[in-house]
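Chain and residue survey
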Amino acid sequence: MGAMTNSAVVLADTAAYAAAVEEASKAAAAYYATGGSTLDDDAYDRLVRGIAAYEEEHPQELLDASPTGKVAGGAATGDVPHTVPMLSLDNVFSAEQFVTWTASLERRIDRPVAAWSVEPKLDGLAVAARYRAGRLEQLITRGDGTAGEDVSHAIGTVVGLPEQLAEPVTIEMRGEILMTTEQFEQANAVRTEHGGAPFANPRNGAAGTLRAKDRAYTVEMTFFAYGALPLADSGELADTLAELPHSEVLARVAGLGVHTAADTDVAPRTVTTVEEVQSRVEEVAALRAALPFGIDGIVIKADLAADQREAGSGTRAPRWAIAYKLPAVEKVTRLLGVEWNVGRTGIIAPRAVLEPVEIDGSTVSYATLHNPADITRRDLRLGDRVMVYKAGDIIPRIEAPVAQLRTGDEQPIEFPEACPQCGSEIDTSEQRWRCVRGRDCRIVASVSYAAGRDQLDIEGLGATRVVQLVDAGLVADFADLFTLDRERLLGLDRMGETSTDNLLAAIGTARTQPLSRVFCALGVRGTGRSMSRRIARYFADMDRIRAADAEELQRVDGIGKEKAAAVVAELVELAPLIEKLMAAGVTMTEPGATPPPAPGEEDTEAAAAPDGEDGGLPLDGMTVVVTGAMTGALEKLSRNEMNELIERAGGKSSSSVSKRTSLLVAGEKAGSKRTKAEDLGVRIAAPDEFAGLIAGFLPSEV
Ligand SMILES: NC(=O)c1ccc[n+]([C@@H]2O[C@H](COP(=O)([O-])OP(=O)(O)OC[C@H]3O[C@@H](n4cnc5c(N)ncnc54)[C@H](O)[C@@H]3O)[C@@H](O)[C@H]2O)c1
Ligand SMILES: [Zn+2]
């Protein structure tokens, strides 16, 4: 389980302390009233921990408004007295803290705790539900712990809280009201349909919904009981409830028809040792991401009534129970942009680009947005602060914007008007938008990419022409270009003799492109131009690349374990295409590169020879940066071609000048890179001088 990384806010002086108390009180008031706090729980907890730390150092400065030591931070109130106070829970954040807590509890009762109940800490709001003679009469919030608010108007909208019990008993059920993920989605759909702002997360949804009266619509919530108490006229049930172990009380509650967590994957479990508690805690933590409702920890309670009685309660929390907190899975961050990605079948899916935020031990920079309707429904805007949810391995998702944090500068999200991959029209008739070319979209995009200037460089084969070839069924992948039939090309619109012959000639030339470009044209994920060149130079021919396993691929500069495995897998998928290219006579070797020793021969002299001695290339061991306009023999070369040239001559190309740069090729209008190279004392060469240095490697004139 990831450790808690959130440390307390540090408060330097009285003024900072007072400001923190005010901020926390405001947040808590909003949180308990409508669920609409501007802070996420992590930020709130860090603030309160900072307040507590300051108060410990300066007890004489304690402000009345301080949230510490109070149920609901002192922010909630009510006028319906509770029979027995409804308290909060103390927290632990690690196995060690938990062990310390059990030791102090056992010291207090002067004996080992006989059994523990380990249950989910449901992330909703505490309520008391009073049943008289089996009928649900009153629903009350926790309030300040001694008195809560009457929210009986919600009776009938809460799944798991029947209006009639299985037996005509008088009893108070205590538990949590929350929205399941599904209810939350439903709530936001209904709410936005009625012109309301979506709830930022399920907890806010439950808080806002429970207290709202006279809404034009109802949304469902779910109740989970975690305890029961007698009421004034409970009769003999009072004695039973006072004596039964907690676990058996829960079983009675369920027997009466009230919902508990017993039917979930994280059902309460009774165990006897601290080790068993710990392993159940880990189990629950692992199950969390897949649960259909939110939990923010695990509650561990002494199970026996006698143990609970003797431990007693403080003003804010019982001493016989503890909340083992799990890392927060929700954080507020900013929505920076939206990307539109086209899938294999042509589905165009939006993805949110976020200001990176750490959630549960990983950095989250993207979140799924499902479809355009979803964006509209959630009323998301660029620049919005959004609540992001991420647990376990699930794809992070945006729950909703935090509307209270809007500044007015937020911008609408623009939807694409043409397919971002191939430029075709978009079919918007369904919720999930789709490129009208469907699966062909990918073909159009990958053929266009392969024909591009930095890959096979096929002149006259622009996007429109590719669309034309794909639509005519002449091309299903870019290998088909090499077997195009002249007569059939002539049959297409706008393809006269001249353009057809020019195109065929350009394709013929493409056949002679070096392996590095052919490899790049394959579009293997994570291998752009320079990586493709490194791979091609290392292996020298396609067969060797294909024969390489992940371990061997990692010998190529810049390829790590994960990328190596991904490349190997993708090359297997691409086998039919590669074979088609080979059959069409496309070049499969890299000029000037020497293949590595075959596997198993690594220890022979070739491998033992010191680096650089093998080829004696002019730029061996050098890192070269190019800037400004090239002239003379280099004039026509694009930046990519310059980089190819550098690498062919044994150097490494880079785009920025640093201490490690060996040479800067500076042409006309060289700017800041030149200044930087001068400052660092990096050698600078004019294009002509550089051309002389690598003369043997210049592309032959066409
Ligand atoms: N974002 C904000 O602005 C803001 C403001 C105030 C409070 N908060 C958050 O609220 C939390 C503190 O609230 P709290 O005082 O309600 O304490 P809590 O939620 O940490 O713990 C106590 C509550 O746990 C609930 N609970 C869930 N499952 C239970 C179970 N099986 N058995 C017993 N109780 C169970 C009960 O409702 C109980 O009242 C913190 O996590 C804090 O971050 C956030
Ligand atoms: Zn498309």
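Residues numbered from 1 in each chain as written. Chains lettered and ligands numbered in written order. Predicted model: local features only at pLDDT ≥ 70, side-chain atom pairs only at ≥ 80, totals over all residues.

Digging into the overall build of the chain
In terms of regular secondary structure, the chain is built from 24 helices and 25 strands. Here the C-alpha atoms of the chain give a radius of gyration of 34 Å, more than 25% beyond the 27 Å that 2.2 N^0.38 yields for 702 residues. Each principal axis of the C-alpha atoms in the chain carries an extent, and together these give about 100 × 60 × 50 Å. Within the chain, counting contacts between residues at least 6 apart in sequence, those at least 24 apart form 68% of the total. (Helix = DSSP H or I, 4+ residues; strand = E, 2+ residues; numbered from the N terminus. Rg over C-alpha atoms; globule rule 2.2 N^0.38 Å. Contact = placed C-beta atoms within 7 Å.)

Quick look at the site of ligand 1
The local shell around ligand 1 holds 22 residues, among which A27, Y31, S37, D41 and A126 are the closest. Secondary-structure elements contributing two or more residues to the shell around ligand 1 are α1 (14–33), α2 (41–57) and β3 (116–122). Of the residues that constitute the shell around ligand 1, the class distribution is 12 nonpolar, three polar and seven charged. When residues of the shell around ligand 1 are assigned to domains, at least three fall in each of domain 1 (14–74) and domain 2 (80–325). (Near = placed C-beta within 6 Å. Nonpolar A, V, L, I, M, F, W, Y, C, P; charged D, E, K, R; others polar. Domains from an automatic or database assignment.)

Some thoughts on the confidence of the model for the chain
Looking at the chain as a whole, its pLDDT mean stands at 91, while 96% of the residues score no less than 70. Confidence over residues 1–5 falls short of pLDDT 50; this stretch has eight contacts with residues more than four positions distant or in other chains. Within the model, the stretch residues 603–613 combines pLDDT values under 50 with seven contacts to residues more than four positions away or in other chains. In the predicted assembly, ipTM is 0.96 and pTM is 0.72. (pLDDT = per-residue confidence, 0-100.)

Here's the deal with the nonpolar core
Inside soluble globular proteins, nonpolar side chains tend to come together where they are buried. By size, the foremost hydrophobic cluster in this structure holds 99 residues, and its most contacted members are A24, I177 and V388. The element that contributes the greatest number of residues to this core is α1, accounting for eight residues. The residues contacting I177, other than those within four sequence positions of it, are G124, L125, V127, V158, A206, L210, M221 and F223. Core analysis: the next-biggest nonpolar cluster, separate from the first, contains 54 residues, V444, L456, I458 and L577 among them. (Core = buried A, V, L, I, M, F, W, Y, C linked by C-beta atoms within 7 Å. Buried ≥ 20, exposed ≤ 12 C-beta atoms within 10 Å, placed from the backbone.)

Details of the UniProt feature "binding site: NAD(+)" (unreviewed entry) in the chain
Within this numbering scheme, the UniProt entry marks D41, D42, A43, Y44, D45, S88, L89, E119, R142, E176, K301 and K325 as carrying the feature "binding site: NAD(+)" (unreviewed entry). Across 285 residues of sequence, these annotated residues are also dispersed in space, with a maximum C-alpha separation of 27.2 Å. If you trace the backbone, Y44 turns up in helix α2. Beyond its immediate stretch of four places on either side in the chain, Y44 contacts A24, A27, S37 and L39. With respect to the helices and strands, the residue L89 is situated in the loop between β1 (80–81) and β2 (91–92). (UniProt positions renumbered as here; feature names shortened; annotations may be inferred.)

A short note on the UniProt feature "binding site: Zn(2+)" (unreviewed entry) in the chain
On the UniProt side, "binding site: Zn(2+)" (unreviewed entry) is annotated at positions that read C419, C422 and C441 here. A compact arrangement is adopted by the annotated residues: their sequence extent is 23 residues, whereas the largest C-alpha distance between any two is 8.5 Å. In this structure, C422 sits in the loop between β19 (411–412) and β20 (426–427). Not counting residues within four places of it along the chain, the set of residues in contact with C422 comprises C435, R437, C441, V444 and A445. By the secondary structure assignment, C441 is in helix α11 (residues 439–451). By the C-beta count within 10 Å, which is 27 here, C441 ends up buried. Filtering out sequence-adjacent residues up to four positions away, C441 remains in contact with V342, G346, C419, Q421, C422, S424 and C435.

A look at the pairing of strand β12 (residues 321–325)
Strand direction decides the pairing type here: β2 and β12, joined by two bridges, are parallel. Bridged to V92 within β12 is Y324. Examined bridge by bridge, strand β11 (residues 295–302) and β12 share five bridges and lie antiparallel to one another. Bridging from a neighbouring strand, V299 pairs with A323 of β12. (Pairing = 2+ DSSP bridges.)

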